[in-house]
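Residues per chain are reported as follows:
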Number of protein chains: 2
Amino acid sequence: MHISTVSRTFSAPHLVNVETRSRVLACAEQLGYRPNRAARALITGRTCNIGLIVADIANPFFPPLIKAAEAQARRHDNHIFVADTNEDAIVEEELVRALAKQVDGVLLCSPRMSNSLIEQLSREVPLVVVNRQITGLPAVVMDVAQGARLAMEHLIGLGHRRIALAAGPRGSWTSKEIRRAAMLAVRGPGRELVITGPNAPTENGGLAVADQIQKSGATAVLAYNDLMAIGLIEGLHTRGIRVPQDISIVGIDDITLSRLTRPKLTTVATPTAAAGRAAVDMLLAYGDDRRTTALINLQTELVIRDSTAPLSSQGSGAAPAVTPSTTETPS
Amino acid sequence: MHISTVSRTFSAPHLVNVETRSRVLACAEQLGYRPNRAARALITGRTCNIGLIVADIANPFFPPLIKAAEAQARRHDNHIFVADTNEDAIVEEELVRALAKQVDGVLLCSPRMSNSLIEQLSREVPLVVVNRQITGLPAVVMDVAQGARLAMEHLIGLGHRRIALAAGPRGSWTSKEIRRAAMLAVRGPGRELVITGPNAPTENGGLAVADQIQKSGATAVLAYNDLMAIGLIEGLHTRGIRVPQDISIVGIDDITLSRLTRPKLTTVATPTAAAGRAAVDMLLAYGDDRRTTALINLQTELVIRDSTAPLSSQGSGAAPAVTPSTTETPS
DNA sequence: ATGAAAGCGCTAACAT
DNA sequence: ATGTTAGCGCTTTCAT
């Protein structure tokens with residue numbers, strides 16, 4: 001029994017006699033033998049590894065995506081390299097190049113690079129982009145534009161007329177989409193959209209815009225993501241502005257946290273786990289017909305909780321609640 | 001200029017003429033050439049990859065650890081495979097074996113396997129264990145025993161006498177440590193420790209014990225982690241029991257979330273990022289002298305926030321607050 | 001159905 | 001300081 005038979009037993013079992021096969025398997029079992037995938041990759045060109053590059057592992061938006069992608073990859077006997085760019089476009093590029101040789105493809109989540117750079121990199125290694133749409137590249141996006149529209153319609157329906165948008169970081173496709181959709185949705189007589197940003201997509205980013213929001217006189221805010229929304233609520237709280245009594249806040253993402261804060265956050269739910277799975281599937285399907293540059297657009301939905309309220313029950317906007325209309329008794 | 005010179009330029013630059021070296025580097029730059037690390041690993045035996053196995057990526061305890069480990073690994077030009085066991089010991093074993101050949105070592109975070117299995121696996125691939133102490137194996141642990149003691153002393157200092165412990169999952173070393181320390185700390189005249197569990201280390205796990213906690217008559221609870229503590233607060237809330245007025249709750253971990261819930265959670269802060277870094281350093285130092293099985297024990301500290309209060313200001317324990325002593329006026 | 005041999009991209013002796 | 005050679009563990013023709 002010789003080495004190539006062993007190889008066939010693992011990579012093309014049907015080519016080997018049933019009996020020999022089981023003999024090989026028995027030996028392997030006993031010796032704890034497993035084919036070395038790196039060596040195999042050297043000749044087959046397939047590493048069975050996937051790179052997953054995210055902007056910030058600790059941002060609660062990503063872990064569900066990473067978890068789902070990892071599970072899906074493993075279902076197809078692939079493993080996942082995870083890397084964190086710290087929201088830095090330079091690191092991002094370097095990371096793709098560094099991983100290129102040891103993976104079959106890279107999942108680029110919420111990239112901050114330029115389109116042209118991404119296109120260039122996609123010539124060096126198969127790329128699937130998540131949360132961004134680039135002509136000619138396979139992508140998985142979540143329909144945040146629709147989500148932003150729903151959020152704005154919700155706020156308008158509640159009577160709000162002056163609405164603020166706390167935009168996301170520079171280079172974020174998602175932020176641009178939200179901005180575009182928000183402008184469209186708010187457009188109308190007597191309505192106004194105030195845009196602040198760019199902001200860091202974090203709690204601190206939200207804290208930092210509280211001041212501008214207060215001054216803007218907006219009675220409602222759509223934030224780039226839940227983390228910012230939560231920071232913003234904190235910031236407004238310390239300024240004596242109550243949510244939702246004085247101002248309504250809507251987030252985006254529906255991270256686990258948003259069900260647990262007080263008030264519970266009204267938000268646009270994005271299907272992050274589904275996105276992770278879809279991205280992996282897309283990458284693994286790359287080989288089958290590589291010219292098809294698919295685009296998967298996942299639906300979002302508005303989850304109404306406690307951080308939004310009708311304008312009528314509110315004070316006169318983001319100014320501290322010392323106006324006549326706010327003569328409430330403590331309850 | 002020949003192939004081995006190119007190789008040397010990258011792996012032993014000092015052995016090649018300065019001029020030739022820069023010529024090689026220039027060419028490489030122009031062609032976008034990078035040494036294939038898988039091929040290199042085949043001969044050197046070093047993959048420059050590290051496996052990181054966690055119980056649940058989506059559990060907010062892990063992302064800061066993963067992020068720190070990834071950053072530290074990259075600082076040493078290593079990459080990280082991340083895998084998720086879903087709290088399943090079987091998956092855990094399979095994962096270690098599957099990764100063994102393509103990494104220089106594996107970081108096993110909060111493993112649920114038996115000690116003997118872990119010892120066996122450590123003979124197949126260098127292992128560093130996080131959040132668990134196994135004689136003879138390099139480990140990074142956080143001193144949760146000390147943390148649990150601090151938490152209990154805090155509660156006792158507040159006048160609590162009947163204290164509950166909401167234990168963690170079966171197989172968790174951390175849970176055992178906490179239990180041991182809690183029993184020691186609570187021991188004393190007129191004091192009693194009520195233990196419930198094992199429980200899932202999640203919000204749902206906390207929700208699920210709310211009932212037992214209520215019936216236990218405890219006036220304070222130490223939970224296995226913040227997630228459980230938060231779930232427990234929710235569960236108690238729906239039963240009309242207020243935290244901290246009716247019952248005090250302490251969590252463990254100090255995840256980001258615990259600063260953002262209402263009430264803000266009193267908790268034991270565990271240095272997860274430091275643990276991630278330390279574990280990577282330990283693994284990379286493995287080669288230097290492999291017999292040294294170090295143990296790093298990181299300090300924890302108590303962070304007092306709003307979920308704990310003196311017994312005197314509380315109702316008569318976990319029973320609904322309809323006792324005479326709770327005749328408070330709304331404020 | 002199995003064996004023999006070449007070669008994936010690289011490094012590490014060993015020459016020169 | 002550079003070239004030559006063998007071989008890491010595997011897969012894949014090509015023979016048999």
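Within any chain, residue numbers begin from 1 and follow the written order of that chain's sequence. Here the convention is simple: chains get letters from A, ligands get numbers from 1, in the order in which they are written. With the structure being a predicted model, the display of local features is reserved for residues of pLDDT at least 70 and the display and counting of side-chain atom pairs for 80 or more, all residues being used for whole-chain, interface and lining totals. Hydrogens and water molecules were not included; the side-chain quantities draw on all heavy atoms of the structure.

Caption draft 1: Here's a closer look at the UniProt feature "domain: HTH lacI-type" (unreviewed entry) in chain A. UniProt positions are given in the numbering used here, feature names are shortened, and annotations may be inferred rather than shown by experiment. Under the UniProt annotation, the feature "domain: HTH lacI-type" (unreviewed entry) is placed at residues 3-44 of chain A. Put simply, DSSP H or I for four residues or longer makes a helix, DSSP E for two residues or longer makes a strand, and each gets a number counted from the N terminus. The span residues 3-44 of chain A is 74% helical and 0% strand by assignment, and the distance between its end C-alpha atoms comes to 17 Å.

Caption draft 2: Inspection of the packing of aromatic side chains at higher detail. In this scheme Phe, Tyr and Trp rings, the latter by its six-membered ring, pair at centre separations within 6.5 Å, and the angle between planes marks the pair as stacked below 30 degrees, edge-to-face above 60, and tilted otherwise. Tallying each qualifying case throughout the model produces 5 aromatic pairs over all chains. Aromatic pair Phe61 of chain B and Phe62 of chain B: ring centres 5.1 Å apart, planes at 85 degrees, arrangement edge-to-face.

Caption draft 3: Region of interest: the nonpolar core. We call a set of buried residues a nonpolar core when its members are Ala, Val, Leu, Ile, Met, Phe, Trp, Tyr or Cys and they connect through side-chain atoms within 4.5 Å of each other. Classification of residues uses two cut-offs on accessible area relative to the type maximum, computed with a 1.4 Å probe and protein chains only: under 20% is buried, over 50% is exposed, and between them is partly exposed. Membership of the largest hydrophobic core comes to 89 residues, with the highest contact counts inside it found for Leu222 and Ile249 of chain A together with Met152, Leu222 and Ile249 of chain B. Apart from the residues within four sequence positions on either side, Met152 of chain B is in contact with Ile163, Ala182, Ala185, Val186, Leu193 and Leu222 of chain B. Membership of the second largest hydrophobic core comes to 54 residues, among which are Val54 and Ala279 of chain A together with Leu52 and Val128 of chain B. Contact between two residues is taken to exist if any of their heavy atoms lie within 4.5 Å; hydrogens are not considered.

Caption draft 4: View of the interface of chain A and chain B. Taken together, the contact pairs 40 residues of chain A with 40 residues of chain B. Taken over both partners, the interface formed by chain A and chain B buries close to 3,900 Å², and the fraction arising from carbon and sulfur atoms is 56%. Throughout this description, the term salt bridge denotes a Lys or Arg side-chain nitrogen within 4 Å of a carboxyl oxygen of Asp or Glu. For the pair chain A and chain B, the interface holds 8 salt bridges. Between Arg34 of chain B and Glu94 of chain A there is a salt bridge, with its nearest N and O atoms 3.2 Å apart. When residues of the side of chain A that touches chain B are traced back to their parent elements, those giving at least two are α3 (37-44), α4 (62-75), β2 (79-84), α5 (89-100) and α10 (226-238) of chain A. Partitioned by chemical class, the residues of the side of chain A that touches chain B number 18 nonpolar, 7 polar and 15 charged. Note: buried area is the sum, over both parts, of the accessible area (probe 1.4 Å) each one loses when the two are combined. Gly is put with the polar residues, along with every residue not named as nonpolar or charged; the nonpolar set is Ala, Val, Leu, Ile, Met, Phe, Trp, Tyr, Cys and Pro, and the charged set is Asp, Glu, Lys and Arg.

Caption draft 5: Main features of the protein's contact with DNA strand D. The cutoff for a nearby residue is simple: one of its non-hydrogen atoms must lie within 4 Å of the molecule or strand. Around DNA strand D, the structure places 25 residues, and the nearest of them are Ser7, Asn36 and Arg40 of chain A together with Ser4 and Thr20 of chain B. Here, DNA strand D places atoms within 4 Å of the protein, and 59% of those atoms are sugar or phosphate. Asn17 of chain B has a polar backbone atom sitting 2.8 Å from a phosphate oxygen of DNA strand D. Within the side chain of Thr20 of chain B, an N or O atom sits 2.7 Å from a phosphate oxygen of DNA strand D. Per-class residue counts for the surface near DNA strand D are 11 nonpolar, 10 polar and 4 charged. Under the rule applied, a polar contact is a pair of N or O atoms within 3.5 Å (in protein, one hydrogen donor and one hydrogen acceptor; residues adjacent in sequence only if both atoms are side-chain atoms).

Caption draft 6: Representation of the protein's contact with DNA strand C in the model. Around DNA strand C lies a shell of 25 residues, among which Thr20 of chain A together with Ser7, Tyr33, Asn36 and Arg40 of chain B are the nearest. Interatomic distance of 2.7 Å between a backbone N/O atom of Asn36 of chain B and a phosphate oxygen of DNA strand C. Between DNA strand C and Ala39 of chain B, the relevant distance is 3.2 Å, taken from a base nitrogen to a main-chain nitrogen or oxygen of the residue. Sorting the residues of the surface near DNA strand C by element identifies α1 (3-11) and α3 of chain A together with α1 (3-11) and α3 (37-44) of chain B as the ones contributing at least two each. Each residue belonging to the surface near DNA strand C can be placed in one class, and the counts come to 11 nonpolar, 10 polar and 4 charged.

Caption draft 7: Quick peek at the packing of α1 of chain B against helix α2 (residues 18-31) of chain B. All names here are of chain B. Orientation is described by axes fitted as lines to C-alpha atoms, over the contacting stretch for helices, and by angles from 0 to 180 degrees between their N-to-C directions. Contact geometry for α1 and α2: axes closest at 10 Å, N-to-C directions at 95 degrees. Classed by the angle they form, the pair α1 and α2 counts as roughly perpendicular. From α1, Thr5, Val6, Thr9 and Phe10 reach across to α2, where they touch Thr20, Arg21, Val24, Leu25 and Ala28. What sets the label is the angle itself: under 35 degrees gives roughly parallel, over 145 gives roughly antiparallel, 65 to 115 gives roughly perpendicular, and the rest give oblique.

Caption draft 8: Summary view of the relation of the copies chain A and chain B. Each copy is superposed on the other by least squares, with the fit set by C-alpha atoms of residues at a pLDDT of at least 70 in both. Between chain A and chain B, which share one sequence, the superposing operator has a rotation angle of 180 degrees and an axial displacement of 0.0 Å; the RMSD is 0.1 Å. Here the symmetry operator amounts to a two-fold rotation axis.

Caption draft 9: View of the sheet that holds strand β8 (residues 220-223) of chain A. All names here are of chain A. For two strands to be treated as a pair, DSSP must find no fewer than two bridges joining them. Reading across from one edge, β7-β6-β8-β9-β10-β12 is the order of the 6 strands in this open sheet, with mixed pairing throughout. In the strand order of this sheet, the two ends are held by β7 (192-196) and β12 (301-303), each with one partner. In this sheet, neighbouring strand axes are inclined to one another by 20 degrees on average, regardless of whether the strands run parallel or antiparallel. Note that strand β9 (residues 248-253) and strand β10 (residues 266-269) share 4 bridges and pair parallel. Bridge pairing links Ile252 to Val268 in β10.

Caption draft 10: A look at the environment of Ala145 of chain B. Residues and elements named next belong to chain B. Its location among the elements puts Ala145 in helix α7 (residues 144-157). Ala145 gets classed as buried once you look at its relative accessible area, which sits at 13%. Between the C-alpha atoms of Ala145 and Ala182, which are 37 residues apart in sequence, the distance is 7.7 Å. Setting aside residues no more than four positions away along its own chain, Ala145 makes contact with Glu177, Arg180 and Ala181.

Caption draft 11: Seen up close, unusual backbone geometry. Cis geometry is adopted by the peptide bond preceding Pro198 of chain A, which originates at Gly197 of chain A and carries an omega value of 0 degrees. Inspection of the secondary structure puts Pro198 of chain A in the loop between β7 and α9 (203-216). In the Ramachandran plot, Asn86 of chain A falls in the positive-phi region, its phi being about 55 degrees despite a non-glycine side chain. The backbone of Ser110 of chain B sits at a positive phi, close to 50 degrees, despite the residue not being glycine. Looking at the secondary structure, you find Ser110 of chain B in the loop between β3 (105-109) and α6 (115-121). Relative accessible area serves as the criterion here: at 8%, Ser110 of chain B is assigned to the buried category.

Caption draft 12: Quick peek at the pattern of salt bridges. Counted under the stated rule, the structure contains 34 salt bridges over all chains. Close ionic contact of Glu177 of chain B with Arg180 of chain B constitutes a salt bridge, the shortest N to O distance being 3.1 Å. You can see Glu177 of chain B and its partner Arg180 of chain B sitting in helix α8 (residues 173-186), 3 residues apart, about one turn around the helix. Glu177 of chain B gets classed as buried once you look at its relative accessible area, which sits at 15%. Residues joined in a network through salt bridges with shared partners are Asp56 and Asp84 of chain A together with Lys67 of chain B.

Caption draft 13: Up close: the packing of α4 of chain A against helix α11 (residues 272-285) of chain A. Residue and element names in this part refer to chain A. Where α4 contacts α11, the axes come no closer than 7 Å and their chain directions differ by 35 degrees. Taken as a pair, α4 and α11 cross one another with a handedness that is right-handed. Of α11, the residues touching α4 (which contributes Pro64, Leu65, Ala68, Ala69, Gln72, Ala73 and Arg75) are Thr272, Ala273, Gly276, Arg277, Val280 and Asp281. Helix crossings fall into two classes, left-handed where the near helix is turned counterclockwise from the far one by less than a right angle and right-handed where it is turned clockwise.

Caption draft 14: Quick peek at the environment of Thr202 of chain B. Residue and element names in this part refer to chain B. Tracing the chain through its elements places Thr202 in the loop between β7 (192-196) and α9 (203-216). In sequence terms Thr202 and Tyr224 are 22 residues apart; their C-alpha atoms lie 9.5 Å from each other. Not counting residues up to four positions away in its chain, the partners in contact with Thr202 are Leu227 and Met228.

Caption draft 15: Representation of the state of the cysteines in the model. All names here are of chain B. Disulfides are defined as pairs of cysteine sulfur atoms found within 2.5 Å of each other. One pass over the full model with this rule turns up 0 disulfides over all chains. Between Cys109, a cysteine without a disulfide, and Cys48, which holds the nearest cysteine sulfur, the sulfur-to-sulfur distance is 20 Å. With relative accessibility at 1%, the residue Cys109 sits in the buried group.

Caption draft 16: Quick peek at the side chain of Asn131 of chain A. Residue and element names in this part refer to chain A. By the secondary structure assignment, Asn131 is in the loop between β4 (127-130) and β5 (139-142). The buried category is assigned to Asn131, whose relative accessible area is 7%. A polar contact is formed between the side chain of Asn131 and the side chain of Ser110, at a distance of 3.1 Å. Those residues within four positions of Asn131 in sequence are excluded, and the remaining contacts are Phe61, Ser110, Val140, Val141, Met142, Trp173 and Thr174.

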